[in-house]
Amino acid sequence: MALVLRVPAKIFQQDNPTLFSGGRTQNSAALFSGGAGRSCSVFGRRKLATRILSMSTPPIQHLEKPSASSQHLGLPIMVNGCNGKMGREVIQAAVSAGLHPVPVSFSRAEESGQTVEVCGKEIKLHGPSGRESILASVVDEYPNLIVVDYTVPDAVNDNAELYCKVGVPFVMGTTGGDRERLYNTVKDSNVYAVISPQMGKQVVAFLAAMEIMAEQFPGAFSGYSLQVMESHQASKLDISGTAKAVISCFQKLGVSFDLDQTQQIRDPKQQVEMVGVPEEYLNGHAFHMYHLTSPDQTVSFEFQHNVCGRSIYAEGTVDATIFLAKKIQSGAEQRIYNMIDVLREGNMR
């Protein structure tokens, strides 16, 4: 007796969609082979094709909406790196949520002394010199201050050491740096912090689900072949950290795959024509696609998640900030958190 569960692709996407929603109609073969208008021979025959997950975030407009809790209206936050793309997005999301960005930010040395306007707020930028005294004075003026860091990878450890020395809680969204040193710095200081290289709540939830599957069903995909494609803005030179995490889960599930087999799309022309990235998001997107094929090529699975813009990360950062404020107010024993902890709290906006 055999039980077969067939999941129609239309349950997840309407009509005859592209592999990446929001783009042009194409097939899987074109995405992974660079060709166009060919059959799905790259993946072999598809007697049973099961679409597991398709998750996309269309362009998000920041709407005026109340904070998750009225007690956090006016919560002061200092967004370091506010003149960058992520910093600006975070300030916009914070203002929409009722938080209060303070008029001070740390930035690059060449921007020191400048005043920039972000979301109607004038913010003075300070370079590396005198940061400790400046931060201490900001904390004196705003005792409930939480710092949000979206600077550069090379500054991660020095910034964390500064926050811990002054004793100010922080949300670290910047990737890179020595992560072990980062965690040890926070642990030794007893400062509250949320540290996560991925702030997109829904993406984090997907990664958590993948981890659970890998832990509970090791070897479930033994013998399957895997193809991975990820597309990011041209300025991103390395393989996506999210892709690395998902690939690690597939490896635990029994799939043999090396990171250097990942197909990285950085050419804008390919991103528009082959992947389907909207032109207005060429400078800020994260499209991922994972395709599994059984040894006899009769079964295939596809996982994908597409992000246009940076709103998903900014909204997650605001939730992490409000979450941390609650933990501080309650005197929680745990001091270091990640986005999984934020998701588990269940009180997101």
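Calculation criteria
Residues numbered from 1 in each chain as written. Predicted model: local features only at pLDDT ≥ 70, side-chain atom pairs only at ≥ 80, totals over all residues. Heavy atoms only, no water. Helix = DSSP H or I, 4+ residues; strand = E, 2+ residues; numbered from the N terminus. Buried < 20%, exposed > 50% of the residue type's maximum accessible area, 1.4 Å probe, protein only. Contact = heavy atoms within 4.5 Å. Areas by Shrake-Rupley, 256 points an atom, 1.4 Å probe, with all protein chains shown as cover. Core = buried A, V, L, I, M, F, W, Y, C linked by side-chain atoms within 4.5 Å. Phe/Tyr/Trp six-rings, centres within 6.5 Å; stacked < 30°, edge-to-face > 60°. Pairing = 2+ DSSP bridges. Axes fitted to C-alpha atoms, helices over the stretch in contact; angles between N-to-C directions. Parallel < 35°, antiparallel > 145°, perpendicular 65-115°, else oblique. Left-handed = near helix turned anticlockwise from the far one by under 90°. Right-handed = clockwise from strand over helix to strand, strands pointing away.

If you tally the helices and strands in the chain, you get 10 helices and 14 strands. A burial count over the chain gives 51% of its 349 residues as buried. Look at the contacts in the chain between residues 6 or more apart in sequence, and 68% of them connect residues 24 or more apart. Carbon together with sulfur atoms contributes 50% to the accessible area of the chain, which is approximately 16,500 Å² in total.

Another aspect to go through is the nonpolar core. In this structure, Phe-250 and Leu-292 are the most contacted members of the largest nonpolar core, which totals 61 residues. No other element matches the 9 residues that helix H9 (residues 311-330) contributes to this core. Setting aside residues no more than four positions away along its own chain, Leu-292 makes contact with Phe-221, Tyr-224, Ser-225, Leu-226, Phe-250, Val-255, Val-299, Ser-300, Phe-301 and Phe-303. Grouped together as the second largest cluster of nonpolar side chains are 23 residues, Val-102, Val-156, Cys-164 and Ala-193 included.

Taken as a whole and assessed by the stated rule, the structure comprises 8 aromatic pairs. Aromatic side chains Phe-250 and Tyr-290 sit 6.0 Å apart centroid to centroid with 50° between the ring planes, which places their arrangement in the tilted category. Here Phe-250, found in helix H7 (residues 241-252), pairs with Tyr-290, found in strand S12 (residues 285-293); they are 40 residues apart in sequence, far enough to count as distant.

Quick look at the sheet that holds strand S7 (residues 146-149) now. Read from one edge to the other, the open sheet built from 6 strands follows the order S3-S2-S7-S8-S9-S14, with strand pairing classed as parallel. Where the open sheet ends on each side, the last strands, each with one partner, are strand S3 (100-101) and strand S14 (336-337). Summarising the sheet, strand S8 (residues 170-172) and strand S9 (residues 193-195) pair through 3 bridges and their orientation is parallel. The residue bridging Phe-170 from the neighbouring strand is Ala-193, located in S9. Seen against the sheet, helix H4 (residues 156-166) touches strand S2 (76-80), S7 and S8 and runs at an angle of roughly 170° to S8.

Where H4 meets helix H5 (residues 179-189), the closest approach of the two axes is 10 Å, and the angle between their N-to-C directions is 0°. Put simply, H4 runs roughly parallel to H5. Seen from H4, the contacting residues are Val-156, Asn-157, Asp-158, Ala-160, Glu-161 and Cys-164; seen from H5, they are Arg-179, Arg-181, Leu-182, Thr-185, Val-186 and Ser-189.

The subject of this paragraph is the packing of helix H6 (residues 201-216) against H7. Pairs of packed helices are described in terms of their axes, by the angle between the two and the distance that separates them. Relative to each other, H6 and H7 sit at 20°, their axes nearing to 8 Å. In terms of orientation, H6 and H7 fall into the roughly parallel class. H6 and H7 meet at a crossing whose hand is left-handed. Contacts between H6 and H7 involve Val-203, Phe-206, Leu-207, Met-210, Glu-211 and Ala-214 on the former and, on the latter, Thr-242, Ala-245, Val-246, Cys-249, Phe-250 and Lys-252.

A few words now on unusual backbone geometry. The bulk of non-glycine residues show a negative phi, and the bulk of peptide bonds are trans. Unusually for a residue other than glycine, Cys-119 sits at a positive phi of about 55°. If you trace the backbone, Cys-119 turns up in the loop between strand S5 (115-118) and strand S6 (121-126). Despite not being glycine, Asn-190 has its phi angle at roughly 70°, a positive value. A relative accessible area of 44% means that Asn-190 is categorised as partly exposed.

Turning our attention to the pairing of S6. For strand S4 (residues 104-106) and S6, the ladder comprises 3 bridges, and the chain directions are parallel. Looking at the pairing, Ser-105 lines up with Leu-125 of S6. Where S5 meets S6, 4 bridges bridge the pair, whose relative direction is antiparallel. The residue bridging Val-116 from the neighbouring strand is Ile-123, located in S6. Taking the residues that link successive antiparallel strands as the turn, the S5-S6 hairpin has 2 residues, and the phi of Cys-119 there is positive, at about 55°.

Before going further, it helps to spend a moment on the sheet that holds S4. Taken together, the 3 strands give an open sheet; going across it, the order is S4-S6-S5, and neighbouring strands pair in mixed fashion. Every other strand in the sheet has two partners, leaving S4 and S5 as the edge strands with one partner each. Ignoring strand direction, the axes of neighbouring strands in this sheet form an average angle of 40°. Strand contacts of helix H3 (residues 131-141): S4 and S6, with the helix running at about 150° to S4, the strand carrying the most contacts.

Here we take up the pairing of S7. The side-chain alternation of S7 yields two buried faces, one formed by Ile-146 and Val-148 and the other by Val-147 and Asp-149. Of the strand pairs in this sheet, S2 and S7 are connected by 4 bridges, and their pairing is parallel. Across the sheet, residue Val-79 finds its bridge partner in S7, namely Val-148. In terms of handedness, the path from S7 via H4 over to S8 forms a crossover that is right-handed.

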